[in-house]
Amino acid sequence: MVSCARRIAIVARSVRLVPTLPAATLLAAALVLTACGGGVHGTPGGSGVRDPYFPKAGNGGYDVTHYGLRLAYDPDAHHLTGTATLTARAAKDLSAFNLDLLGMEVEKVTVGGETARWNRAGQELTVRPHDDIGRDETFRVTVRYSGAPETVTDPDGSQEGWLRTTDGVLALGEPTGSMAWFPGNHHPSDKAAYDLTVTVPQGLRAVSNGELRSETTARGRTTSTWHMARPMASYLATVAIGRFGISRSRAGNLAVYTAVDPAEAAASRAVLGRIPEVLRWAERRFGPYPFSSTGAIVDRAASVGYALETQTRPVFPGAPDITLLVHEFAHQWYGDSVTPKSWRDMWLNEGFATYAEWLWEEDHGGDSAQETFDALYSGEYFDTEEAGEEIWDFPPADPPSAARISDPPVYWRGAMVLQKVRQAVGDDRFFSMLRGWAAEYRYGNADTADFTAYVEQRAPGADVEGVWDEWLYGEEKPGRS
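Keep in mind the model is a prediction, meaning the values are calculated, not measured.

### Description of the sheet that holds strand S7 (residues 124-128)
Strand pairing within a sheet occurs via backbone hydrogen bonds; the two strands may be parallel or antiparallel. A sheet is described by the order of its strands in space; here 3 strands give the open sequence S3-S7-S6, paired in antiparallel fashion. Every other strand in the sheet has two partners, leaving strand S3 (97-100) and strand S6 (117-121) as the edge strands with one partner each. Geometrically, the sheet is characterised by an average inter-axis angle of 25 degrees between neighbouring strands, direction not taken into account. The pairing of S6 with S7 spans 5 bridges and is classified as antiparallel. Bridge pairing links Ala121 to Glu124 in S7.

Below, the structure is given as structure tokens:
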């Protein structure tokens, strides 16, 4: 594949060497230069949304409402071919706009069916449409691209993006890795519906979010089409390609679709069989399940040391235990349906999901949430004193850097904040709040200020100011009260 820069160099050299080129050839040369991005002189909507930890993530000026992704992947060649069609609404007048795309070779961009000019700078793909786009106008941009998708190393050293496995690939996107395999507005504040079609060599399966609409095999290739109707942040999108064992069942009215690497099948069977039980319990605690299908993906990826709450179908890098299953399923309410406005609000994902683990134990004959809280506070919960001290390193609502948004305070101290709220407002009101919070911001975004205001509104007169000052934002370990 000849890169855009390489095409420009070839054409420019040809024009210099042959000064008597005919007009048609000169016109073709100009078109090549233009399509490759020379002359993007409009006012972009914004090359980022100023996230406190990932300032270049996302893009300003528009909101995506739908992604249509058509992908073909050859694992042996490690080559991905993609066509991404984004439907978006302009939030202001746009003469240009940005998409996030890391690596890959952009071959063509159109807006409204007309060829658009574009250029690349790092993860930014700046697009200059043929005609300016007016505020509130709905527009459609299509990007054709190909190449070898990258594995992304996060600030904390973990890996995401396009992760190769023994028999395929696992695409994970938290916080920014989704831009390694499709162009888009890659920030949790912009959620959209998805339709994703993936073609892979026969014998492999492609599993994604939502419902499987079709799966066909022809001429040695298998094509699967997936539909995710409810809004989804791009970091929650996934594609798993491999030789999976597939199980289809029901949990009440929900379709349950699980894909398991055969090497993990025996170890996973009992826990995955409890998905209906976990969902029934979670609905009692958190309210109606927010999506129309569920399930899990269990794969083997040596470079992945974490599970991820990919929407409707959490990913596990090996057989999960029941606690991890509960945690990732709780995220379907807290994180997937109610999504943080920025990565500073990560505790609204992880604190809630960790607290769900405590509630599961409390409801199934284990320690109460208060007993877990007390063990954490006293330092007796973890095996080492060092691990026990880590939860006090910083306040859960204000991680000090991008490298620490998934550190212990976000999980454990975040859950302790919820237990302190429970103490302050009482059980009846607290559990009503858990369900109400999931309902109030269903399919939307929320931040920490939204949560504190919500609690104060639903529990007028409750003494929660100290909870916010000492437990949520306090720099030091709070005094025992």
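### A look at the packing of helix H4 (residues 275-286) against helix H6 (residues 347-363)
Remark: H4 packs on H6, axes separated minimally by 12 Å, with the N-to-C direction vectors making an angle of 105 degrees. Viewed along their axes, H4 and H6 adopt a mutual orientation that is roughly perpendicular. Between H4 and H6, the contacting residues are Glu277, Val278, Trp281, Arg285 and Phe286 on the first element and Ala356, Leu359, Trp360, Glu362 and Asp363 on the second. Class assignment for the residues of the contact of H4 with H6 results in 6 nonpolar, no polar and 4 charged.

### Here's the deal with the packing of aromatic side chains
Under the counting rule described, the total for this entry stands at 36 aromatic pairs. Aromatic pair Tyr67 and Tyr194: ring centres 4.7 Å apart, planes at 20 degrees, arrangement stacked. Of this pair, Tyr67 sits in strand S1 (residues 62-74) while Tyr194 sits in strand S12 (residues 192-201), and the two are 127 residues apart along the sequence. Accessibility expressed as a relative area gives 1% for Tyr67, which makes it buried. The exposure class of Tyr194 is buried, given its relative accessible area of 3%. Relative to Phe451, the ring of Trp347 lies with its centre 5.6 Å away and its plane at 80 degrees, an arrangement referred to as edge-to-face. Taken together, the residues Trp347 in helix H6 and Phe451 in helix H11 (residues 448-458) connect sequence positions 104 residues apart. Just as Trp347 is buried, Phe451 falls in that class too. Across the ring face of Phe431, the terminal group of Arg285 is positioned such that the distance to the ring centre comes to 4.1 Å.

### Description of the pairing of strand S19 (residues 293-298)
A large share of S19 lies buried, amounting to 6 of its 6 residues. Residues of S19 alternate between two faces, with Ser293, Gly295 and Ile297 on one and Thr294, Ala296 and Val298 on the opposite face, all of them buried. Summarising the sheet, strand S18 (residues 254-260) and S19 pair through 6 bridges and their orientation is parallel. In the sheet register, Tyr257 faces S19, and the bridge partner there is Gly295. Summarising the sheet, S19 and strand S20 (residues 315-316) pair through 2 bridges and their orientation is parallel. Among the inter-strand pairings, Val298 is bridged to a residue of S20, identified as Phe316.

### Concerning the nonpolar core
Counting 123 residues, the largest nonpolar core has Phe97, Trp181, Phe286 and Trp347 as its most contacted members. Top element by residues in this core is H6. It accounts for 9 residues. Ignoring anything within four residues of it in the chain, the contact list for Trp347 reads Phe352, Pro396, Ala397, Val410, Gly414, Val417, Leu418, Thr448, Phe451 and Leu472. Grouped together as the second largest cluster of nonpolar side chains are 14 residues, Leu163, Ala240, Val304 and Leu308 included.

### Some remarks on unusual backbone geometry
Each neighbour pair has its own omega, and for Glu174 with Pro175 the value is 5 degrees, a cis peptide bond. Along the chain, the position of Pro175 falls in the loop between strand S11 (169-172) and S12. In this model, His78 sits at a positive phi of 50 degrees, which is unusual for a non-glycine residue. Tracing the chain through its elements places His78 in the loop between S1 and strand S2 (79-90). Residue His78 is classed as buried on the basis of its relative accessible area of 14%. Positive phi, close to 65 degrees, is recorded for Tyr443, a residue that is not glycine.

### Topic: helix H12 (residues 465-472)
Those residues of H12 that sit buried are Val467, Trp468, Trp471 and Leu472. Axial view of H12: buried residues confined to an arc of 110 degrees, hence all on one face. Along its buried surface, H12 packs onto H6, helix H7 (369-378), helix H9 (408-425) and H11.

Conventions adopted
- Residues numbered from 1 in each chain as written.
- Predicted model: local features only at pLDDT ≥ 70, side-chain atom pairs only at ≥ 80, totals over all residues.
- Heavy atoms only, no water.
- Pairing = 2+ DSSP bridges.
- Helix = DSSP H or I, 4+ residues; strand = E, 2+ residues; numbered from the N terminus.
- Axes fitted to C-alpha atoms, helices over the stretch in contact; angles between N-to-C directions.
- Parallel < 35°, antiparallel > 145°, perpendicular 65-115°, else oblique.
- Contact = heavy atoms within 4.5 Å.
- Nonpolar A, V, L, I, M, F, W, Y, C, P; charged D, E, K, R; others polar.
- Phe/Tyr/Trp six-rings, centres within 6.5 Å; stacked < 30°, edge-to-face > 60°.
- Buried < 20%, exposed > 50% of the residue type's maximum accessible area, 1.4 Å probe, protein only.
- Lys NZ or Arg CZ within 6 Å of the ring centre and 35° of its normal.
- Core = buried A, V, L, I, M, F, W, Y, C linked by side-chain atoms within 4.5 Å.
- Arc of directions from axis to C-beta.

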